[in-house]
Amino acid sequence: MSKRRVVVTGMGILSPVGNDLATAWKNVVEGVSGIAPISPVEIGDKTVDWNQYATRIAGEVRDFDPVDAFFTGAGADEATDEKRRAIGKDFKRMDPFIHYGIVAGTHAFRQSGLKVTDENAGRIGVAAGAGIGGLHTIEETSLELHDKGPRKVSPFFVPSSIINMVAGNLSIYHGMKGPNIALVSACTTAAHNIGMAMRLIQYGDADAMLAGGAEFATTPTAMAGFCSAKAMSTRNDDPTHASRPWDTGRDGFLLSNGAGMLMLEEYEFAKARGATILAEIIGFGMSGDAYHITAPSGDGAELAMRNALHDAGLTPEDVQYVNAHGTSTPVGDLGEAKAIRNVFGEHATKKGQFAVSSTKSVTGHLLGAAGGVEAIFSIMALRDGVIPPTMNLDNVDPEVAALGMDLVPNKAEKADLQVVMSNSFGFGGTNGTLIFRRA
């Protein structure tokens, strides 16, 4: 059977650079960083001493009340006292990553204007995951178990921390009875959920899917683990300049929190109800490095991009912009840059026709949410004809510079964008690439 067309009709975001689409996009385009000293955290009866950590900066979601946010935005239900109490009671039993996913997903759903009815509920689903999931809740519960014994562990511990409860709760709150899945693939999680949601619609398993990822990663255990792996920047005294993709001074990524969710619909389904189409998703590619936790060669990244182009029926010359995975690690940045150059050939060197940038230079790395947030930025770039900059790119790595690509250093660029690509790569060598076309 021929594949059905899939379009984007809604987007929702929570991020270090903003808790709504307009704010986040404005800050990304203007290069305003969301990286700052990490906030105080209490685990059990102790406040975490971040001074013991090699990295003490991160990208956090700030000024966020999940109940208020749930009732904010166009199309929100009236926030009666009764409804606020009910949602507040639910939210007390959830890890923060679930809050993020519910709110971002709800905002995307409401923006789309889609109404779930008895007739269509079984055709509307959710695909949403996290890279790590409820570590905050797991940490607190482990200490409680150790200090007070098993009888003091909450009966809500499991559903408050497991990864599929972003998708589960979105289904519950909005009555979506279609496919309900939570793919988990480290930092490629959101991209894979979006891509697989697209597939479910293309081949008739659903007519609409909420898709993306959420993450609350700035927990003591996660921070300690990444610090021990020496994966993160230690530029603690200069947080806004710490994430430096492709710069000679890059020394690792920064952990960040948030969520990015898309409302996807089959084209004719969306058109029939008069939906506003934000973009069309036309390509999805996956691959595995089969090498190591991370592969320096970029072969897997290259294969994912080629697979996405094949899926979309495009040539490399059809793409004008790549939102790179670009985490600010010495090995990963170089491998991806080489992979992009290999895929796009001489087209990659044509300034004004092709560009690459990393929005992680201001957001940090949202792990399982990154692909969702960056898909949104890619769609916003299409909408506005603006390529967001790679900030803090003052001295390009000579090996990267030799590739001859426009990396959009430190200032956004205007461009006639028709097709854009978004890359996501994760630990374990799991890769995903999405391609969007202008509506």
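Reference entry: report on the structure contained in this document. Along every chain, residues carry numbers that run from 1 in the direction the sequence is written. The model is predicted, so local features are restricted to residues of pLDDT at least 70 and side-chain atom pairs to those at 80 or more, both for listing and for counting; the totals for chains, interfaces and linings are taken over all residues. As a rule here, side-chain values cover all heavy atoms of the structure and leave hydrogens and water aside.

## Observations concerning the state of the cysteines
- To count as a disulfide, a pair of cysteine sulfur atoms needs to be within 2.5 Å. Within this structure, the stated rule accounts for zero disulfides.
- Summary of cysteine pairing: Cys187 is not part of a disulfide, and the nearest cysteine sulfur, belonging to Cys227, is at 15 Å.
- Only protein chains enter the area calculation, which uses a 1.4 Å probe; residues under 20% of their type maximum are buried, those over 50% are exposed, and those in between are partly exposed. Classification of Cys227 by relative accessible area gives buried; the value is 14%.

## Some remarks on the pattern of salt bridges
- Each reported salt bridge corresponds to a side-chain nitrogen of Lys or Arg within 4 Å of a carboxyl oxygen of Asp or Glu. Tallied over the full model, the rule gives 20 salt bridges.
- With a shortest N-O distance of 3.0 Å, Glu302 and Arg306 are connected by a salt bridge. Linking Glu302 with Arg306, this pair stays in helix H10 (residues 299-312), spanning four residues, or about one helical turn.
- In this structure Glu302 comes out as buried when scored by relative accessible area, which is 16%.
- Two residues, Glu346 and Arg341, come together in a salt bridge whose shortest N-O distance is 3.1 Å.
- For Glu346, a relative accessible area of 53% gives the class exposed.
- Among the ionic contacts, a cluster of salt bridges with common partners joins Lys3, Arg199 and Asp311. In DSSP terms, a helix is any run of H or I states spanning at least four residues, a strand is any run of E spanning at least two, and both are numbered starting from the N terminus.

## So, the sheet that holds strand S8 (residues 208-215)
- A pair of strands is considered paired only if DSSP assigns at least 2 bridges between the two. Taken together, 10 strands build an open sheet; the order of strands is S7-S6-S8-S9-S1-S10-S16-S15-S11-S12 and the sheet is mixed. A single partner strand is all that each edge strand has here, and the edge strands are strand S7 (180-181) and strand S12 (355-357).
- With two bridges joining them, strand S6 (residues 124-129) and S7 adopt parallel strand pairing. Counterpart to Ala127 in the pairing with S7 is Ile181.
- Contact criterion: two residues are considered in contact whenever any of their non-hydrogen atoms come within 4.5 Å of each other. A fitted line through C-alpha atoms serves as each axis, taken over the contacting stretch for helices, and the angle formed by two N-to-C directions is quoted from 0 to 180°. Along the sheet, helix H4 (residues 96-112) contacts strand S1 (6-14), S8 and strand S9 (258-266); its crossing angle with S1, the most-contacted strand, is approximately 135°.
- Contacting S6, S7, S8 and S9, helix H6 (residues 165-174) runs over the sheet at an angle of about 155° to S6.

## Things to note about the environment of His310
- With respect to the secondary-structure elements, His310 resides in helix H10.
- Counting along the chain gives 269 residues from His310 to Val41, while the straight-line C-alpha distance between them is 46 Å.

## Some points on the packing of aromatic side chains
- Ring pairs shown here join Phe, Tyr and Trp side chains whose ring centres sit within 6.5 Å, with only the six-membered ring taken for Trp; geometry is labelled stacked below 30 degrees between planes, edge-to-face above 60, and tilted in between. Within the structure shown, the criterion is met by 11 aromatic pairs.
- By way of ring pairs, the aromatic residues Phe70, Phe71, Phe91 and Tyr173 are connected into one cluster.
- Sitting over a ring, as applied to charges here, requires NZ of Lys or CZ of Arg to be within 6 Å of the ring centre and within 35 degrees of the ring normal. If you follow Arg5 out to its NZ or CZ, it ends over the ring of Tyr267, 4.2 Å from the centre.
- Looking at Arg110, its charged tip hangs above the ring of Phe70, at a distance of 5.1 Å from the centre.

## Looking at helix H8 (residues 220-228)
- When H8 is considered as a whole, its buried residues turn out to be Pro220, Ala222, Met223, Phe226 and Cys227.
- Those residues of H8 that are buried lie in contact with strand S3 (42-43), strand S5 (57-59) and helix H5 (135-148).
- Lys230 sits one or two residues past H8 and shows a positive phi near 55°.

## A short note on the pairing of S8
- Here S8 lies mainly inside the structure; eight of its eight residues are buried.
- Neither face of S8 is left uncovered, since the one carrying Ala208, Leu210, Gly212 and Ala214 and the one carrying Met209, Ala211, Gly213 and Glu215 both have all their residues buried.
- Where S8 meets S9, eight bridges bridge the pair, whose relative direction is antiparallel. Within S9, the residue paired with Met209 across the bridge is Leu264.

## A closer look at the nonpolar core
- Each nonpolar core is a collection of buried residues, namely Ala, Val, Leu, Ile, Met, Phe, Trp, Tyr and Cys, held together in the definition by side-chain atoms within 4.5 Å. Core analysis: the biggest nonpolar cluster contains 46 residues, and Leu262, Leu264 and Phe436 have the highest contact counts within it.
- Ranked by the residues each element gives to this core, the list is headed by helix H13 (residues 370-384), at nine residues.
- Within the second largest apolar cluster, 36 residues are counted, among which are Phe109, Val166, Phe216 and Ala259.

## What to know about the pairing of strand S16 (residues 430-438)
- In terms of burial, S16 is largely enclosed, as seven of its nine residues are buried.
- Summarising the sheet, strand S10 (residues 279-288) and S16 pair through nine bridges and their orientation is antiparallel. When the sheet's bridge partners are listed, Phe284 is paired in S16 with Leu434.

## Regarding the packing of helix H7 (residues 189-202) against H13
- Relative to each other, H7 and H13 sit at 65°, their axes nearing to 5 Å. Judged by the inter-axis angle, H7 sits roughly perpendicular to H13. For the pair H7 and H13, the contacting residues are Ala190, Ala191 and Ile194 in the first and Gly371, Gly372 and Ala375 in the second.
- Its residues assigned to classes, the contact of H7 with H13 shows four nonpolar, two polar and no charged. Oblique is the label for any angle not under 35 degrees, not over 145, and not in the 65 to 115 range, which are roughly parallel, roughly antiparallel and roughly perpendicular in turn. All residues other than Ala, Val, Leu, Ile, Met, Phe, Trp, Tyr, Cys, Pro, Asp, Glu, Lys and Arg, Gly among them, are scored as polar; the first ten of these are nonpolar and the last four charged.

## Points about the packing of helix H1 (residues 21-30) against H13
- Axis separation between H1 and H13 bottoms out at 11 Å; the angle between their running directions is 80°. Classified by the angle between their axes, H1 and H13 sit roughly perpendicular to one another. Along its contact with H1, which presents Leu21, Ala24, Trp25 and Val28, the element H13 presents Ile376, Phe377, Met380, Ala381, Arg383 and Asp384.
- Residue composition of the contact of H1 with H13, by class: eight nonpolar, no polar and two charged.

## Looking at the environment of Phe216
- Here Phe216 lies in the loop between S8 and H8.
- Taking the relative accessible area as the measure of exposure, Phe216 reaches 14% and is therefore buried.
- Along the chain, Phe216 and Pro179 lie 37 residues apart, while their C-alpha atoms are 25 Å from each other.
- Apart from residues lying up to four places away in sequence, Phe216 is in contact with Asp95, Pro96, Phe97, Tyr100, Gly133, His136 and Asn257.

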